[in-house]
Amino acid sequence: MFGISIVKVDNPSCLWGRGDTQTEPHYHNMLQMNLFYQDVTQDLQKLKPKTLVEGMVCVVYWPVKKSWCRAVVERIITDSVSCKARCLLVDYGERDIVPSDQICVAMEKFLALPFLVKRFQLANIKPMTLQVFFDEKKAVLTPSSQWDSSATLHLHKLLQVSTQTEAMLIESTPDSDSIELYVTLDGLKFCVNDDLVARKYAYYSSKAADSSFETEMDPVTIQSFSLISSEILTPELPHRDIESVAELITPSSVSLVSAQQHNNTRTYKRDLQSEFSAVRFPSNTISNKALEVSVAESRRQIKAEEMKNNQTEHANEDTSSVLAQSAADKELSRGEMDLACSRLMEWLNLERLNVDTDADAADIVLPPNDPSKPIILVHSAFPVEPCSSLDDAPITDTLRRLLRRRQYASPTPSDCYSWSAVARGCHTVVISQNALEPLSYLAPLLTHILLNSITLHHSTSGPIAVLLCPGWEKVQAICDLLEMTKVAQALHPFSVDHGVIKDEAKQVKIPDNCLLLLTTPFSLVRLLSTHCFRFQRIYHMVLDEADRLLSVAPEQMATILQHFSKVISSENASCPQQLVVTAKKWSDHMEGLIVNHMPCPSIIISIPEEAALYANVQQVMVMTQQSNKISVLSGMLDLNPEVGQKTLIITNSCQEVEDVFKAVSSKSAFCLKTHEGLTHKFDFVIQQWRKDVGPSTHVVLVTTNECLKSLGIRDATCVVHYDFPSSPKLFGRRLFCMVENFRNLSEQELNKSTSKGIKSVLLISEKNAHHVVGVLRYLRRTSTPLPPQLLSFAEKLSSTREDLKTNRPLCSHLKSFGSCRDSYLCPDRHHFIPQLDSSVLPASGVIEVVPLYIKTASVFYGRILRKEDKDYDTMCSEMVSFYSDKKPGAKELLIDKLYAVQEEDSFYRVKILSVPDPGGRLFFSVLVRFIDVGKEKEVKSHQFLVLPECFHSLPAQAVELVVCRVKPADAETDWHPKVTRLISQKIRGLPHRAQAVLSLGNTVFLDPMVRVTTIPGLKTFINEYNVQLDILNSGMGVANPGHIDLLKTLCQETHQTSDNNN
């Protein structure tokens, strides 16, 4: 038994209802669909179906709800003037005649959920009617093919007065679900099916009843029916006369909200309670329960065919539907109606739909995707024609095939615009989410170089294109990608990543046939100082992750751009010089780059919040209590400005819209509002909003987040965030409502590219505490003065956030170099916790260590050698002796358990970190940690050996060793593989002497660490090499003098904080 809500009653064989669990997801679906079709920027003509077909699912506008609803076309009505369709609104159970211009194609995403209402019928009962013979003064109850109007009215009243409605599914068919309906009245639950039978409105269906059923009634019985209205006692009429008396017959389609025409509810409830003796009542008593089971079982055994009645059709149909039917509707045969109903109910029950998807497909054209336009800013000195797919993209066929192989199915919105600009040779700035993907700019750039620039012949040699990356890893990744593009035969790309050693740049030999050079800013500056004449025909320069390049290497970038400008001025004017800038974030340095080095650029930004930074939107922060928000907002609005203003106030709920509108409209005559309940007023609101405003005029619009994207506002001068945006994307979407007032750096005259006094106001209250850190991270990139109390609060939040990372290890970057590259995004811990970071390892003095696993150039794992400690050597020899006789394989692999693994002639203890699902495979890999070596590695499952308990007692021997006061050169975040490989080959497995300066947990910090050799026969020691010096001499590292001081300061701060708390 399940809860059910009946929304409409046509008759006992046609109930429209919904389950109690369907309301919330359907409400959201209906809201999003209504906003989509009410979008004022939407071209509804593109969503019109090419043809209307009976049975097709569509979206129609319903004036009753003033919204767009899902519907199924039941009948097409055409005349010489217009075309209309009778549609069933599948989420409401209503029918309406809809003009064709108010019918749209249903988007696929709005059909994901089943329709909200279903058709139900009361199971195992058939209608009866009272046939009166006035001459004989006799009334006879006879089976009928149609329900009497009084039965429908009685059922409607039952549903009105009941406090709970439940149903039990008896049978499910494509047309409808047969149910037993139970209602609760004053705590008493009874079956509606039985009640209708008891009241002689219906009978239990059976063969005997269908073959012969007739009951004569005496005059007393006739008097008992005198309470029924005289209209109901109208004798049966021929089919041709049904419509002529339709107005006299009580409508069978009774709305649940039209209660005024019925008798008093209390009187009806009292009458019902006195007549329930023949109705089943679910109860905990044995007798009633047994009776219910027996009756239900006997009824399910009845297998009778329905009576065939071809006399009348739709006698008790909805009055509005009867009057709306055309002459063609009257002539519809029973077979055609059954076919239409079958098709309709298949749509109504999507979970049971199993039809040929190709049927009628040729007549219905659905849009493949949501046609809503993405938010993207395009400022260009020249018109930019965007491409729509890979097929019409301005790239070569070879690159097009490569993109498809790499699952680059279609260009992103920013690619559609930027590819056209880059392929034409324009200066281009692209800020987008996929800017880190080199293919987003390489495809059009390589096309332009191969088809245009490479055809130019000059006497000088050297690359014609330079691609600058922020680090060696990106350089290597792009080199590998270029090898796949098969352009190496034509461009001969060459990468340079040499170190900082003096004169090392002189030894770099750039091939004469190299046309594309890949490097970093630091390496290029060193090359320019020694090979300046090899860079005299740079036509194209690409700045990959330009925000990082300009912030990490500002001096080097200034030198490179100055050289690029000189090449442009000295080179032939016909050469297509081009600067392509890609980034994921906008930075202030880019403004100078565009103004000074990029004439007539194309600027494409697909991240709304970054577009606001580009526009230099003024950010205003107002601290207030949640209860005082409205008064603070009213006080800060200048309703009589010198220059006309358009202010957009954005809230998160409809109620807040009403509250804010009430407060603001009392002071301003030009205040508008709209929310999800006022979507039908979108056109009026936008019409008023788009009117020109003069001096001393301030137009205010209060709306919600959901409505914002449907309004298409682009010319606001101020956005007030009454409720805090829940995400940066939503914050940017709000700010994008001022896009028409953004400054345009593509304009040549600087006085035209300034912002027009636009600003964003954030009302911050105690309710927005969890958003403070994120918004401050964004606002620090602007020139907004930040309130001190907000900064203090954010600092406390960050500290609390760090304190919650007790299950995370200490940040490896913090240990290696003294600072984290991004503490906000890093998931690891950046505060010392004495309980976790206290160490028994030596924190001072000279120790002897053996590096066994080289993780990076300055971080190793190894053992600390102690003269008196020989336990590890003893265990190793015993393990070799034990496994020399037998090697018992492990039958079961468990996480955190110890096992043995053989590598060459040695045996190692390992701890399992994770075990994948074998999935029926015999062999699979398991991630383990070698607890005496420190490395993590995947080991085949069949290589694990059982480790005896006697080898478990010795603690893990691997210790993390960090060489201090060195860090990667050229502002790199990680060590280059060259220097890591160099150090590994030199120190692995050899004993070294080191000075311990600090220990934290299982980590010892060393400064210095040297290789010491003893001369046989003499008490003399020779320092063969110093690890720090070898790193510096490789050219890939630089000194980091503050490393230890930063770590010790952090330790002291932690101890002071702990003492204060105690």
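To be clear, the structure that these remarks concern was listed above.
Below, the structure is looked at part by part.

Comments concerning the overall build of the chain
- Regarding its fold elements, the chain presents 33 helices and 42 strands.
- When the 1062 residues of the chain are sorted by exposure, 48% land in the buried category.
- Relative to all contacts within the chain whose residues are 6 or more apart in sequence, the contacts with residues 24 or more apart total 71%.
- For the chain, the accessible surface area stands at approximately 52,600 Å², while carbon and sulfur atoms represent 51% of it.

Considerations on the state of the cysteines
- Under the definition given, this model contains zero disulfides.
- Here Cys 707 is not cross-linked by a disulfide; its sulfur's nearest cysteine counterpart is in Cys 654, at 6.8 Å.
- A relative accessible area of 0% means that Cys 707 is categorised as buried.

Here we look at the sheet that holds strand 33 (residues 898-903)
- Taken together, four strands build an open sheet; the order of strands is 33-34-35-36 and the sheet is antiparallel. The sheet is open, and its two borders are formed by strand 33 and strand 36 (936-940), each paired with just one other strand. Mean inter-strand twist for the sheet, computed between neighbouring axes without regard to direction, equals 50°.
- As defined by bridge partners, strand 34 (residues 906-914) adjoins strand 35 (residues 925-930) across four bridges and the pair is classed as antiparallel. Across the sheet, residue Val 910 finds its bridge partner in strand 35, namely Phe 930.

Looking at the packing of helix 26 (residues 772-779) against helix 27 (residues 788-803)
- Packing of helix 26 against helix 27 brings their axes to within 9 Å, and their N-to-C directions diverge by 120°. One finds that helix 26 runs oblique with respect to helix 27. For helix 26 against helix 27, the interelement crossing comes out left-handed. Contacts from Val 772, Val 773 and Leu 776 in helix 26 reach Leu 790, Leu 791, Phe 793, Ala 794, Leu 797 and Ser 798 in helix 27.
- Split into classes, the residues belonging to the contact of helix 26 with helix 27 amount to eight nonpolar, one polar and no charged.

Things to note about the environment of Asn 434
- One can find Asn 434 in the loop between strand 18 (428-431) and helix 13 (439-451).
- Residues Asn 434 and Ser 606 lie 172 residues apart in sequence; the distance between their C-alpha atoms is 9.8 Å.
- In terms of polar contacts, Asn 434 uses its side chain to reach the side chain of Asp 415, at 3.3 Å.
- At a separation of 2.8 Å, a polar atom in the side chain of Asn 434 contacts the side chain of Ser 432.

Conventions and cut-offs
Residues numbered from 1 in each chain as written. Predicted model: local features only at pLDDT ≥ 70, side-chain atom pairs only at ≥ 80, totals over all residues. Heavy atoms only, no water. Helix = DSSP H or I, 4+ residues; strand = E, 2+ residues; numbered from the N terminus. Buried < 20%, exposed > 50% of the residue type's maximum accessible area, 1.4 Å probe, protein only. Contact = heavy atoms within 4.5 Å. Areas by Shrake-Rupley, 256 points an atom, 1.4 Å probe, with all protein chains shown as cover. Disulfide = S-S within 2.5 Å. Pairing = 2+ DSSP bridges. Axes fitted to C-alpha atoms, helices over the stretch in contact; angles between N-to-C directions. Parallel < 35°, antiparallel > 145°, perpendicular 65-115°, else oblique. Left-handed = near helix turned anticlockwise from the far one by under 90°. Nonpolar A, V, L, I, M, F, W, Y, C, P; charged D, E, K, R; others polar. Polar contact = N/O pair within 3.5 Å; in protein donor to acceptor, adjacent residues only side chain to side chain.

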